[in-house]
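# Observations on chain architecture
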Amino acid sequence: MKLTIAIAALAAGSASAFTSPPAFGVSTQGCSALDSTAVAQPTRFDRLKKAYKGPKVDVSDAGLDFSYADFDAAVEATDYAFNRNDVVKGTVVQYDNGGCIVDIGAKASAFLPVGEAALVQAQGNSIENLIDIDAERDFEIISEEDENGQLLVSVRRIQYREAWEKVAARQGEDDVFEAEVIAVNRGGAICLVEGLRAFLPGSHLTGQLPTEDLIGQTLPLKFLEVNQEGNKLVVSNRRAVVEQQMSDLSRGDIINGLVKALKPYGAFVEVGGMSGLLHISQISYDRIEDLEKVLQPGMQVKCMIIDHDKVNGRIALSTKTLEPEPGDMLRDPALVFEKAEETAQRYHERMEAERKAREEAARDIVLGLGDSLDDLTGDSGDKEGDDPLADVSDNLDSLLS
């Protein structure tokens, strides 16, 4: 019994020792915090995994034309500078965000906006209709690199310069060309020449006014002014028409015209887009006191071309050469126009006869002069071989002595 009690007392003392507060003021909470912050030690497998660098590959440049050192030197020597306004080769790789991505060999792909894809763009055109994918072509750099190293490029600016070069070449040839009217305004019309907008003044438009009906028409034109620095391109329809018609006109031709204006010195007659002068002295053989009683603006007339200036597009006209009788233009202009071709034929025959008569008279004069010269150089009684200067030389010798 005593033994049982002693064992129980000993057990109670041991339990109180474990449950009593720790000495030196250390709490149980602090011990548990230290246990929770303990770092787990890596295992041997973790250390091997960290040190593993993959399978070892032996790299050799044996059998190659260059070494890796040569390749590094070539890379360092290569200039990857891309500056604004440089023209570089590039390949379109994909369409993106209303434009397309272009590989120009830079560290980042360049971007071509749709507005820079072509010089001439129809309204509503998409980038797919303007630029072919996987196509290599020239691009002009139009910006500096952004924060991502990307550049902006343009096709339109290259085409713009090429268009001015073609226009300058055409101006040098001074040939007639055709262009489409794309717009009209109060001063004239706008034509598209090699992709450039050219101004056609209303005063240089032949036979029509600059109205909406003109849009879409193709007109023959010639250049009036080409100024690339001032971005100024002016064309003329009248010069082109005049040149084409002047090449088919010659002196003596009978043409139909329309009286456009009366002046004290004569009338201006429009002939196929050209303006010809019918001088008052060429209207009739009789004297004209009042021009308005003979001709009125809007009147249809027939005239003969008596002179022309193909360079400046000017023609001189006459109706008096078509008069069957002198003064018929004052009495009956309709009769003059009705018999114009018949009268012109007689006029040409008369002019040809007069020309032959003048040539015959000139030949007679030349032959007469020839006979007179023969008489002057005829036999004067001098002996053959006599020196006509012999006496002169003797006289000079006597004077000098």
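The shown structure was predicted, so the numbers you read here are calculated from the model rather than taken from an experiment. (Residues numbered from 1 in each chain as written. Predicted model: local features only at pLDDT ≥ 70, side-chain atom pairs only at ≥ 80, totals over all residues. Heavy atoms only, no water.)

### Some details on the overall build of the chain
Helices and strands together make up the secondary structure of the chain, namely 11 helices and 15 strands. Across the 401 residues of the chain, 28% fall into the buried class. Across the chain, the fraction of contacts at a sequence separation of at least 24, relative to all contacts at a separation of at least 6, is 57%. By element, 52% of the accessible surface of the chain is carried by carbon and sulfur atoms, the whole surface being about 27,200 Å². (Helix = DSSP H or I, 4+ residues; strand = E, 2+ residues; numbered from the N terminus. Buried < 20%, exposed > 50% of the residue type's maximum accessible area, 1.4 Å probe, protein only. Contact = heavy atoms within 4.5 Å. Areas by Shrake-Rupley, 256 points an atom, 1.4 Å probe, with all protein chains shown as cover.)

### Quick notes on the packing of aromatic side chains
If you walk through the whole model with that rule in mind, you get three aromatic pairs. Ring centres of Phe177 and Phe223 lie 4.6 Å apart, and the angle between their planes is 35°; on these two criteria the pair is classed as tilted. One end of the pair, Phe177, is in strand S6 (residues 177–184); the other, Phe223, is in strand S9 (residues 218–227), and 46 residues separate them in sequence. Comparing Phe177 with Phe223 shows no difference in burial state: the two are buried. (Phe/Tyr/Trp six-rings, centres within 6.5 Å; stacked < 30°, edge-to-face > 60°.)

### Observations regarding the sheet that holds strand S13 (residues 274–279)
With mixed pairing, the five strands of this closed barrel are ordered in space as S11-S12-S13-S15-S14. Averaged over all pairs of adjacent strands, the angle between their axes in this sheet comes to 50°, without regard to strand direction. Sheet topology places S13 next to strand S15 (residues 314–318); three bridges connect them, and they run parallel. What sits directly across from Leu278, in S15, is Leu317. Packing against the sheet, helix H7 (residues 237–246) makes contact with strand S12 (266–271), S13, strand S14 (300–309) and S15, and its axis sits at approximately 65° to S13. (Pairing = 2+ DSSP bridges. Axes fitted to C-alpha atoms, helices over the stretch in contact; angles between N-to-C directions.)

### Let's talk about the confidence of the model for the chain
Averaged over the chain, the pLDDT score is 79; the fraction of residues at 70 or greater is 78%. Here residues 1–31 is modelled with pLDDT under 50, and outside its nearest four sequence neighbours on either side it reaches two contacts, counting other chains as well. (pLDDT = per-residue confidence, 0-100.)

### A short note on the side chain of Thr321
Inspection of the secondary structure assignment puts Thr321 in the loop between S15 and helix H8 (328–331). Residue classification places Thr321 among the buried positions, given a relative accessible area of 6%. What Thr321 contacts, discounting residues up to four positions off in sequence, is Met304, Thr343 and Tyr347.

### Notes on the sheet that holds strand S2 (residues 99–103)
The strand order across the open sheet built from five strands is S3-S2-S1-S4-S5, with neighbouring strands paired in antiparallel fashion. With partners counted over all chains shown, the strands left at the sheet margins are strand S3 (110–113) and strand S5 (153–154), one partner each. Relative to S3, S2 is paired through four bridges, and the arrangement is antiparallel. Across the sheet, residue Val102 finds its bridge partner in S3, namely Ala110. Each of strand S1 (87–96), strand S4 (136–141) and S5 is contacted by helix H6 (residues 156–173), which is oriented at about 90° to S4, the strand it contacts most.

### What to know about the pattern of salt bridges
Where charged atoms from two side chains of opposite charge approach closely, those side chains can pair. For the structure on display, the rule yields 18 salt bridges. Among the salt bridges present, the one from Asp307 reaches Arg251, with a minimum N-O distance of 2.8 Å. Residue Asp307 is found in strand S14, and its partner Arg251 is found in the loop between H7 and strand S11 (254–263); the two are separated by 56 residues along the sequence. Of the charged contacts, one joins Arg287 and Glu289 as a salt bridge, the two residues approaching to 3.2 Å between their closest N and O atoms. Among the residues examined, Arg287 registers a relative accessible area of 67% and is labelled exposed. (Salt bridge = Lys/Arg side-chain N within 4 Å of Asp/Glu carboxyl O.)

### Focus on the pairing of S4
Here S1 pairs with S4 via five bridges, running antiparallel. Looking at S4, one finds that Lys89 is bridged to Asp138. Two strands pair when backbone bridges link them, and S4 and S5 are joined in this way by two bridges, in the antiparallel orientation. Residue Ile141 lies in a different strand from S5, and its bridge partner there is Val153.

### Some remarks on the environment of Ala81
Inspection of the secondary structure assignment puts Ala81 in the loop between helix H4 (68–77) and S1. Ala81 sits in the partly exposed class, given a relative accessible area of 42%. Separated by 25 residues in sequence, Ala81 and Ala106 have C-alpha atoms that sit 8.3 Å apart.

### Concerning the environment of Cys303
Tracing the sequence through the fold places Cys303 in strand S14. On the basis of relative accessible area, Cys303 is assigned to the buried category, the value being 0%. What Cys303 contacts, discounting residues up to four positions off in sequence, is Asp253, Ile254, Ile255, Leu278, Leu317, Ser318, Thr319 and Leu322.

### Observations regarding H6
Over its 18 residues, H6 extends 26 Å from the first C-alpha to the last, a length consistent with the 26 Å expected when each residue adds 1.5 Å. When H6 is considered as a whole, its buried residues turn out to be Ile158, Ala163, Trp164 and Val167. With its phi angle positive at about 55°, Asp174 sits one or two positions after the end of H6. (Expected span 1.5 Å × (residues − 1).)

### Section: the nonpolar core
Ranked by internal contacts, the top residues of the largest apolar core, which has 29 residues, are Ile283, Leu295, Val301 and Leu317. For this core, the elements supplying multiple residues, two or more each, are H7, S11, S12, S13, S14, S15, helix H9 (333–338) and helix H10 (340–376). Per element, the largest residue contribution to this core is four residues, and it comes from S14. Setting aside its immediate chain neighbours within four residues, Val301 contacts Ile255, Asn256, Gly257, Val259, Val269, Leu295 and Phe337. By size, the runner-up hydrophobic cluster in this structure holds 21 residues, among which are Trp164, Cys191, Leu214 and Phe223. (Core = buried A, V, L, I, M, F, W, Y, C linked by side-chain atoms within 4.5 Å.)

### Here we look at H7
Here H7 has its buried residues at Asn237, Ala240, Val241, Val242 and Met246. At its buried positions, H7 is contacted by strand S8 (196–201), S9, strand S10 (232–236), S13, S14 and S15. The N-terminus of H7 is capped by Ser236, whose side-chain oxygen sits 3.4 Å from the backbone nitrogen of Arg238. (Polar contact = N/O pair within 3.5 Å; in protein donor to acceptor, adjacent residues only side chain to side chain.)

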